[in-house]
Amino acid sequence: MHNDDSTEFVRFLSDVLAFYKQDASEFAISVWLQACRPFSLEQVRKAMTAHATDPDRGQYPPKPADIVRALQGTHTDAALLAWGLVHGAVSTVGAYRSVDFGDPAIHATIIDLGGWPNICRQNMDQLSYLQKRFCDSYRTYRSRGAEGAPAYLIGEAESQNALSGKPVATPERLAAHELMRLQ
């Protein structure tokens, strides 16, 4: 949200809270402003309206987490989307080529699980176990940060070529557009 929208947002938020017979304290407004800063005013308006008309949750006043969840999804949503991206890359990119998912949390998670070639070499009967481990680790890295994660994941061909002094191919870059939308 742009700083120019702050006054209009506070007015709108005050109306929403009044609708639910809630006070708009200074602390509440500051938390709301911080939570909604990554989104446009129009997105927040739509999410608030969706909340108010939701048959299950609409009778209760919205909390910042309700609106953020509606606009951004949960860490579980993001982990499942990340797993889908990784799972697809296993068959399209494979263990030999290096890959860049454009998401440090994916890179850190795959390193923790043994590296890109190891992920690609898992048996089908181990897939559900691997998915659970991936999603658990990804949620942690996404919420706490993935400092030190490599810029891309090294495949077997790059490892072998680097050791023998041969040229190294550019990593396959996969657009994590679904993940970027959720962050």
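Up top you'll find the structure we're talking about.
Now for a quick tour of the structure. (Residues numbered from 1 in each chain as written. Predicted model: local features only at pLDDT ≥ 70, side-chain atom pairs only at ≥ 80, totals over all residues. Heavy atoms only, no water.)

Comments concerning the packing of aromatic side chains
Inspection of every chain in the model, using the stated rule, returns four aromatic pairs. Seen from their ring centres, Phe 19 and Tyr 20 are 5.0 Å apart, and the 90° between their planes marks the pair as edge-to-face. Here Tyr 20 falls in the buried class, since its relative accessible area comes to 11%. Plain terms: the ring middles of Trp 83 and Phe 134 are 5.4 Å apart, the flat faces sit at 55° to each other, and that makes the pair tilted. Here the residue Trp 83 occupies a position in helix α5 (residues 75-92), and Phe 134 occupies one in helix α8 (residues 127-144), the gap between them amounting to 51 residues. For the pair formed by Trp 83 and Phe 134, the shared burial category is buried. The rings of Trp 83, Phe 134 and Tyr 138 are connected pair by pair, giving a single aromatic cluster. Its guanidinium or amino end placed over the ring of Phe 12, Arg 45 lies 4.9 Å from that ring's centre, counting from NZ or CZ. Positioned above the aromatic ring of Tyr 96 is the side chain of Arg 121, whose terminal nitrogen or guanidinium carbon lies 5.3 Å from the ring centre. (Phe/Tyr/Trp six-rings, centres within 6.5 Å; stacked < 30°, edge-to-face > 60°. Buried < 20%, exposed > 50% of the residue type's maximum accessible area, 1.4 Å probe, protein only. Helix = DSSP H or I, 4+ residues; strand = E, 2+ residues; numbered from the N terminus. Lys NZ or Arg CZ within 6 Å of the ring centre and 35° of its normal.)

Section: α8
Along its 18 residues, α8 runs 25 Å from first to last C-alpha, staying within 8% of the 26 Å computed at 1.5 Å per residue. Of the positions making up α8, those classed as buried are Leu 130, Phe 134, Cys 135, Ser 137, Tyr 138 and Arg 142. Phi turns positive one or two residues past the end of α8, at Gly 145, with a value near 100°. (Expected span 1.5 Å × (residues − 1).)

Side note on the layout of surface pockets
Each pocket or cavity is described by its volume, and for the largest pocket that value is around 150 Å³. Taken together, Leu 17, Gln 22, Asp 23, Ala 28, Val 31, Trp 32, Pro 61, Pro 62, Lys 63 and Pro 64 form the lining of the largest pocket. At three residues, the largest contribution of residues to the lining of the largest pocket is made by helix α2 (residues 26-36). Residues that form the lining of the largest pocket fall into these classes: seven nonpolar, one polar and two charged. (1 Å grid on protein atoms, 1.4 Å probe; cavity = no way out; pocket = protein on both sides within 12 Å on 5 of 7 lines; lining within 4 Å. Points joined across faces, edges and corners; volume = space filled by probe spheres on them. Nonpolar A, V, L, I, M, F, W, Y, C, P; charged D, E, K, R; others polar.)

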